[in-house]
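Descriptive structure summary
Given next are the chains, with one letter for each unit.
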Amino acid sequence: MCGGSTGLKNAKQQHNAMEPILEVKTLTMDFGGLRALDSLDLAVYQNEIVALIGPNGAGKTTFFNCITGLFPPTKGEMLIAPPGKKPTKLNGLKPNIVTANGLARTFQNIRLFPNMTVLENVMIGRHCRLSSGILGAAFRNRATVLEEEKVVEESYAMLKKIGLDAFVNDFAKNLPYGAQRRLEIARAMATDPFLLLLDEPAAGMNLQETRELDELIVRIRDEEGISILLIEHDMKLVMSLSDRIFVVDYGKKIAQGTPAEIQNNPAVIKAYLGEEIDA
Amino acid sequence: MEYFLELFLSGLIRGSIYALIALGYTMVYGIIELINFAHGEIYMIGAFTALIVASVLTMLGWNQIAIILLASVVAVIYSSAYGYTVEKIAYQPLRGAPRLSALISAIGMSLFLQNYVLLAQTSDFMPFPSLIPEFKFMESYEHIISSPEIVILATTTLVMIFLAFLIKFTRMGKAMRATAQDREMAMLVGVDVDRIISFTFIIGSATAALGGVLIASHIGQINFYIGFLAGIKAFVAAVLGGIGSIPGAVVGSLVLGWTESFFTGYVSSDYEDVFAFLFLVFILIFRPSGIMGRAETEKV
């Protein structure tokens, strides 16, 4: 498998020179009395593949929901700095504005638009980059028609890149499982993100599909220049793919570092396997 | 046979008018799962707007075609503004609230608009000019179908084709479908859901207003209460067809139109509404998701 080491070197060199593209400071999220996230700090740099791991219920998906604007965090600051643009605060932005700012995500359980075709699913991703509105729809002026043609072309190109061009006109709900997962990625990429958030992209995939996913993610980073933050339980995938890993448990960050560092970290082993009890 | 054809056509026309109103119900339900009880009132406001515009223009001595076109356009714009505002005032603040709250807010809006028009106008029936002209070429078919009826049929068909096109092919239509299927996900792929909801209310109100103008000029009188029964009938039609489904709203409206027309024609006209609602009861017992509605599949 590929990935890992060169990206790591790039990322390390850049760390000193560059600001992070996503920076989260002391992020806290309370649901009533339950503290789902507890002063979490995290940063992602350009061209990195970063993994967020932790036991079930550790708060990983909550973290994604906070940065994508679905949950308003109780405390903390979330900043993005798209390459070549000024930093923006994410706090308080609506999800569609977060997406327009260049963050895109996929879900743990597949959430395609089931009764739309594969092509339409991707075209919806282009929605926020387009401008034609009510009047364009009613009067079909030239700009609208041209724009619609361009969207079809771009979306088709995207499907080709992800390897889904054979399914263009099928309903999303009729695709095989692995293809649905890839379509989610294609739809997210159609929004033109600089950072892609993947929530357990390999969940439910077989070995072959996981291997293809691994290659796809590296390709997205290398060819499209999109950085990646992923939640994943498949440790083999995480270790081969990630430049850096963050480990959370009970909403707290318990470790961060390279795959090699994480593998031998006693706190991580404890979180996953439980404490040894001397009898 | 002639009698049958007459009933068939009258049912078709009734049905297509119900469809103009039912489309608004079903589109709004499809997107935010709210029964917009104020929808019938939007239709009524459309009819009143057209009456006012038509009265003024008649006094100014405009010709009939110009009057109906301008009256319709003004009614459509004015009602759309009402639909948009109702959503912003009464529904949007309740977006996160339980569905019952929004439903009660809708009933409140409906009563408010009825009484507002009652106070601003009058409780009496007001004569509505028959705006739709009698065409020369229709004279030989007059005993089967009248000119206004042809106009109603043609307008309804055009509106439906336009809507189908809008929803199937345009950018806004795709965003509407995406919002209907998964609102949260639509937001996350960058769709401004609030805007799409406003857009849906505008389109629904516009078609309802068009229905209001057509029926009012066909029947010849309006008052503040016409929105209530029309709204209930269109709601029945939308449920019959499967609420949330756009082709369903059209099919449900036609079925309801024909049911009413045939029962009143062959049985008794006193029981027109009884048949309509009896039919609804049977549909709900034997096919609760409606004619075109898909049964909810439980997710495992």
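All of these numbers come straight from a predicted model, not from anything done at the bench.

The rules behind the values
Residues numbered from 1 in each chain as written. Chains lettered and ligands numbered in written order. Predicted model: local features only at pLDDT ≥ 70, side-chain atom pairs only at ≥ 80, totals over all residues. Helix = DSSP H or I, 4+ residues; strand = E, 2+ residues; numbered from the N terminus. Buried ≥ 20, exposed ≤ 12 C-beta atoms within 10 Å, placed from the backbone. Contact = placed C-beta atoms within 7 Å. Nonpolar A, V, L, I, M, F, W, Y, C, P; charged D, E, K, R; others polar. Pairing = 2+ DSSP bridges. Axes fitted to C-alpha atoms, helices over the stretch in contact; angles between N-to-C directions. Right-handed = clockwise from strand over helix to strand, strands pointing away. Domains from an automatic or database assignment. Core = buried A, V, L, I, M, F, W, Y, C linked by C-beta atoms within 7 Å. Parallel < 35°, antiparallel > 145°, perpendicular 65-115°, else oblique. Left-handed = near helix turned anticlockwise from the far one by under 90°. pLDDT = per-residue confidence, 0-100.

**Quick word on the overall build of chain A**
Looking only at helices and strands, chain A has 11 helices and 10 strands in total. For chain A, the proportion of its 279 residues judged to be buried stands at 45%.

**A few points about the overall build of chain B**
Each helix and strand in chain B was counted, giving 11 helices and two strands. When its helices and strands are written in sequence order, chain B yields α-α-α-α-β-α-α-α-α-β-α-α-α. Structurally, chain B occupies a C-alpha span of about 60 × 45 × 35 Å along its principal axes. A buried classification covers 50% of the 300 residues belonging to chain B.

**Focus on the interface of chain A and chain B**
Taken together, the contact pairs 26 residues of chain A with 20 residues of chain B. Where the side of chain A that touches chain B is concerned, the elements lending two or more residues are α3 (95-100), α4 (118-126) and α5 (134-139) of chain A. Of the residues belonging to the side of chain A that touches chain B, the class tally is 12 nonpolar, nine polar and five charged.

**Considering unusual backbone geometry**
The phi angle at Asn47(A) is positive, at roughly 65°, despite the residue not being glycine. In this structure, Asn47(A) sits in the loop between β2 (34-44) and β3 (49-53). Residue Asn47(A) is classed as buried on the basis of its C-beta count, with 20 C-beta atoms lying within 10 Å. One non-glycine residue, Glu33(B), lies in positive phi territory at about 55°.

**Brief notes about the sheet that holds strand β8 (residues 227-231) of chain A**
The strands that make up a sheet are held in pairs by hydrogen bonds between backbone atoms, and each pair lies either parallel or antiparallel. All names here are of chain A. If you walk across this open sheet you meet the six strands as β6-β7-β8-β3-β9-β10, and the pairing is mixed. Two strands bound the open sheet, and with one partner strand each, they are β6 (103-105) and β10 (252-257). When the angles between neighbouring strand axes are averaged without regard to direction, this sheet yields 20°. Pairing geometry for β6 and strand β7 (residues 195-199), over three bridges, is parallel.

**A few points about the pairing of β8(A)**
Taken residue by residue, a regular strand's side chains alternate between the two faces of the sheet. Residue and element names in this part refer to chain A. A large share of β8 lies buried, amounting to five of its five residues. Here β8 shows no split at all, with Ser-227, Leu-229 and Ile-231 on one side and Ile-228 and Leu-230 on the other all buried. Alignment of β3 against β8, held across four bridges, turns out to be parallel. What sits directly across from Leu-52, in β8, is Ile-231. Pairing geometry for β7 and β8, over five bridges, is parallel. Residue pairing across strands places Leu-195 opposite Ser-227, the latter belonging to β8. What joins β7 to β8 is helix α8 (residues 207-224), and the crossover it makes is right-handed.

**Side note on the domain arrangement of chain A**
Residues and elements named next belong to chain A. Domain boundaries assigned for chain A yield domain 1 (1-102 + 193-279) and domain 2 (112-192). Contacts between the two partners involve 12 residues from domain 1 and, on the opposite side, 10 residues from domain 2. Mapped by element, the contributors of at least two residues to the side of domain 1 that touches domain 2 are α3 and α8. Counted by class, the side of domain 1 that touches domain 2 contains seven nonpolar, four polar and one charged residues.

**Concerning the sheet that holds β2(A)**
Residue and element names in this part refer to chain A. With respect to topology, four strands assemble into an open sheet ordered β2-β1-β4-β5, the strand pairing being antiparallel. In this open sheet, the two strands that pair with only one neighbour each are β2 and β5 (88-89). Note: strand β1 (residues 22-31) against strand β4 (residues 75-80), five bridges, orientation antiparallel. Of the residues in β4, the one forming a bridge with Glu-23 is Leu-79.

**A short note on the nonpolar core**
Residues Ala186(A), Leu195(A), Leu196(A), Ala22(B), Ala47(B) and Val191(B) are the most contacted members of the largest nonpolar core, which totals 169 residues. Among the elements that make up this core, the one with the highest residue count is helix α8 (residues 193-219) of chain B (15 residues). Domain assignment of the residues forming this core places at least three in each of domain 1 (1-102 + 193-279) and domain 2 (112-192) of chain A. Non-local contacts of Ala22(B), meaning those with residues more than four positions away in its chain, are made with Ala234(B), Ala237(B), Ala238(B), Ala249(B), Gly252(B) and Ser253(B).

**With respect to the packing of helix α2 (residues 39-59) of chain B against α8(B)**
All names here are of chain B. Viewed as axis vectors pointing N to C, α2 and α8 meet at an angle of 55°, and their least axial separation amounts to 7 Å. For the element pair α2 / α8, the angle class is oblique. Both α2 and α8 take part in a crossing whose hand is right-handed. Seen from α2, the contacting residues are His-39, Ile-42, Tyr-43, Met-44, Gly-46, Ala-47, Ala-50 and Leu-51; seen from α8, they are Gly-204, Ser-205, Ala-208, Ala-209, Gly-211, Gly-212, Val-213 and Ala-216.

**Considerations on the confidence of the model for chain A**
Scored by pLDDT, chain A comes out at a mean of 86, with 90% of its residues at no less than 70. Low pLDDT (under 50) marks residues 1-9 of chain A, which in the prediction has 17 contacts with non-local residues, meaning those over four places away or in another chain.

**Remarks on the packing of helix α9 (residues 226-241) of chain B against helix α11 (residues 272-286) of chain B**
Residue and element names in this part refer to chain B. Running from N to C, α9 and α11 point in directions that differ by 30°, and their axes come no closer than 10 Å. If you check the angle between α9 and α11, you find them roughly parallel. Between α9 and α11 lies a crossing of left-handed hand. Only Ala-276, Phe-277, Leu-280 and Ile-283 of α11 make contact with α9, whose side of the interface consists of Lys-233, Val-236, Val-239 and Leu-240.

**Some words on the confidence of the model for chain B**
All names here are of chain B. The predicted model of chain B has a mean per-residue pLDDT of 88, with 98% of residues at 70 or higher. Across chain B, the secondary-structure element scoring lowest on mean pLDDT is α11, at 84, and the one scoring highest is helix α3 (residues 64-91), at 94. Interface scoring of the predicted complex returns ipTM 0.81; its pTM is 0.86.

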